[in-house]
Amino acid sequence: MTTALQYKARPTPKRKKQSLTEMAYSAIKAEINAGKIALDSFIDIPEIERQLNMSRTPIREAMLRLQTEKVVEIVPKRGIRILALSADELAEFHQVIVGLELQAIGNICARGLTRTDIMPLLYALSAEENALRASNDDAWAEADEKFHRSLFVLNGNNKLMETGLSFRDVIQRANIAALRHITLSDKERCLRDHNDVKELMLAGNESSARASYLAHSNWLRTQVAETLEQKDVTRL
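Residues numbered from 1 in each chain as written. Predicted model: local features only at pLDDT ≥ 70, side-chain atom pairs only at ≥ 80, totals over all residues. Heavy atoms only, no water.

### Some thoughts on the overall build of the protein
Now for step 1: Counting its secondary structure elements, the protein contains nine helices and two strands.
Now for step 2: For the protein, whose C-alpha radius of gyration is 18 Å, the value lies close to the compact-globule estimate of 18 Å for 236 residues.
Now for step 3: C-alpha extents for the protein along the principal axes are approximately 55 × 45 × 30 Å.
Now for step 4: Here the protein, with 236 residues, has 45% of them falling under the buried criterion.
Now for step 5: Put simply, the protein shows about 12200 Å² of open surface, and 50% of that area lies on carbon and sulfur atoms. (Helix = DSSP H or I, 4+ residues; strand = E, 2+ residues; numbered from the N terminus. Rg over C-alpha atoms; globule rule 2.2 N^0.38 Å. Buried < 20%, exposed > 50% of the residue type's maximum accessible area, 1.4 Å probe, protein only. Areas by Shrake-Rupley, 256 points an atom, 1.4 Å probe, with all protein chains shown as cover.)

### Let's talk about the packing of aromatic side chains
The description of an aromatic ring pair rests on the distance of the ring centres and on the angle between the ring planes.
Now for step 1: Throughout the structure, instances matching the rule amount to one aromatic pair.
Now for step 2: Over the aromatic face of Tyr25 sits the side chain of Arg65, whose NZ or CZ is 3.6 Å from the ring centroid.
Now for step 3: The ring of Trp219 carries Arg189 above its face, with NZ or CZ at 4.1 Å from the centroid. (Phe/Tyr/Trp six-rings, centres within 6.5 Å; stacked < 30°, edge-to-face > 60°. Lys NZ or Arg CZ within 6 Å of the ring centre and 35° of its normal.)

### Let's talk about the nonpolar core
Now for step 1: Counting residues in hydrophobic clusters, the biggest one holds 48 residues, and the most contacted among them are Leu151 and Met201.
Now for step 2: Looking at this core, the elements with two or more residues in it are α4 (87–111), α5 (119–133), α6 (137–153), α7 (158–179), α8 (184–202) and α9 (206–230).
Now for step 3: Residues Val71, Ile74, Ile80 and Ile82 belong to the second largest nonpolar core, which totals 20 residues. (Core = buried A, V, L, I, M, F, W, Y, C linked by side-chain atoms within 4.5 Å.)

### Digging into empty space enclosed by the protein
Now for step 1: Enumeration over the complete set of coordinates arrives at two cavities of 30 Å³ or more.
Now for step 2: Considered as a void within the structure, the largest cavity measures approximately 220 Å³ in volume.
Now for step 3: What lines the largest cavity is a set of 16 residues, among which His94, Val98, His148, Asn175 and Leu220 lie closest to the centre.
Now for step 4: Going through the elements one at a time, α4, α6, α7 and α9 are the ones with two or more residues in the lining of the largest cavity.
Now for step 5: Of the residues forming the lining of the largest cavity, the biggest block, six residues, is contributed by α9. (1 Å grid on protein atoms, 1.4 Å probe; cavity = no way out; pocket = protein on both sides within 12 Å on 5 of 7 lines; lining within 4 Å. Points joined across faces, edges and corners; volume = space filled by probe spheres on them.)

### Brief notes about the pairing of strand β1 (residues 72–75)
Now for step 1: Summarising the sheet, β1 and strand β2 (residues 79–82) pair through four bridges and their orientation is antiparallel. Within the sheet, the bridge partner assigned to Val72 lies in β2 and is Ile82.
Now for step 2: Where β1 hands over to β2, the hairpin turn is made up of three residues, of which Lys77 adopts a positive phi near 70°. (Pairing = 2+ DSSP bridges.)

### Comments concerning α8
Now for step 1: With 19 residues, α8 ought to run about 27 Å at 1.5 Å a step, and its terminal C-alpha atoms sit 27 Å apart, in line with that.
Now for step 2: The complete set of buried residues in α8 reads Asp186, Lys187, Cys190, Leu191, Asp193, His194, Val197, Lys198 and Met201. Each buried residue of α8 sits inside an arc of 165° when the element is viewed along its axis, so together they form one side.
Now for step 3: Positioned one or two residues after α8, Gly204 has a phi angle of 75°, which is positive. (Expected span 1.5 Å × (residues − 1). Arc of directions from axis to C-beta.)

### Overview of the layout of surface pockets
A probe as big as a water molecule, rolled over the atoms, marks out the empty space that is left.
Now for step 1: Roughly 200 Å³ of internal volume is contained in the second largest pocket.
Now for step 2: Elements that contribute at least two residues to the lining of the second largest pocket include exactly α4 and α9.

### Thoughts on the state of the cysteines
Now for step 1: For the coordinates displayed, the defined rule picks out zero disulfides.
Now for step 2: A disulfide-free cysteine, Cys109 has its sulfur positioned 20 Å from the sulfur of Cys190, the nearest such atom.
Now for step 3: With a relative accessible area of 7%, Cys109 lands in the buried category.
Now for step 4: Judged by relative accessible area, which is 1%, Cys190 ranks as buried. (Disulfide = S-S within 2.5 Å.)

### Observations regarding the pattern of salt bridges
Now for step 1: Summed over the entire model, instances satisfying the criterion amount to 17 salt bridges.
Now for step 2: The closest approach of N and O atoms between Arg168 and Glu101, which form a salt bridge, is 3.2 Å. In this pair, Arg168 sits in helix α7 while Glu101 sits in helix α4, placing the two residues 67 residues apart along the sequence. When sorted by exposure, Arg168 lands in the same class as Glu101, which is buried.
Now for step 3: A salt bridge links Glu145 to Arg149, with the nearest nitrogen and oxygen atoms 2.9 Å apart. Here Glu145 pairs with Arg149, and both are found in helix α6, just four residues apart, close to one helical turn.
Now for step 4: For Glu145, a relative accessible area of 3% gives the class buried.
Now for step 5: Salt bridges sharing partners connect three or more residues here, namely Lys29, Glu101, Glu145, Arg149, Arg168 and Asp169. (Salt bridge = Lys/Arg side-chain N within 4 Å of Asp/Glu carboxyl O.)

Okay, structure coming up:
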């Protein structure tokens, strides 16, 4: 790892001071998600210690967490390796996550939230729009991720939030890599679809919000699968 690591806080329902382990986790995962560490390569732990100015203990704990998320693999006597997901595995994870997100959407509708209540989601949508205007694909993918995480954060069921966010942790790097391949018009449609779902949730229209989101998810899954196949991308 040769680039300077930068700390990026993971979205959480409540702001709190992060531990050294959390800071190391966020910095390392941000570097991995940005594609700055090649798949199947081994992470230079002494270099991370130097860049983050941390001891080995919090970095080791961060790596154990990333291994739990199936982002890395700790290989005895060799080091810590970046893991890839196959395109098929990513599609299977998406199917599970969409089911959880549909429940989260139903919960949000039932809560009768106002625009003030859903500010994390509105900020994500604004970031998506700004990224498209700036033609910044990585910023758009990051904003898209925040939109999906906001569904879990706002749904009111802590167990659903924890489960949903844990699954999104598993796919985050591969999902961002996959989204780099879709077209600008596809990304613009994603933003329109997300806004439509947002308005339906604010109106408390559960059936329409769920139907709209399911249609969007099915469309996007097809677009991503076809694009990856056309570009012969099988590992992410």
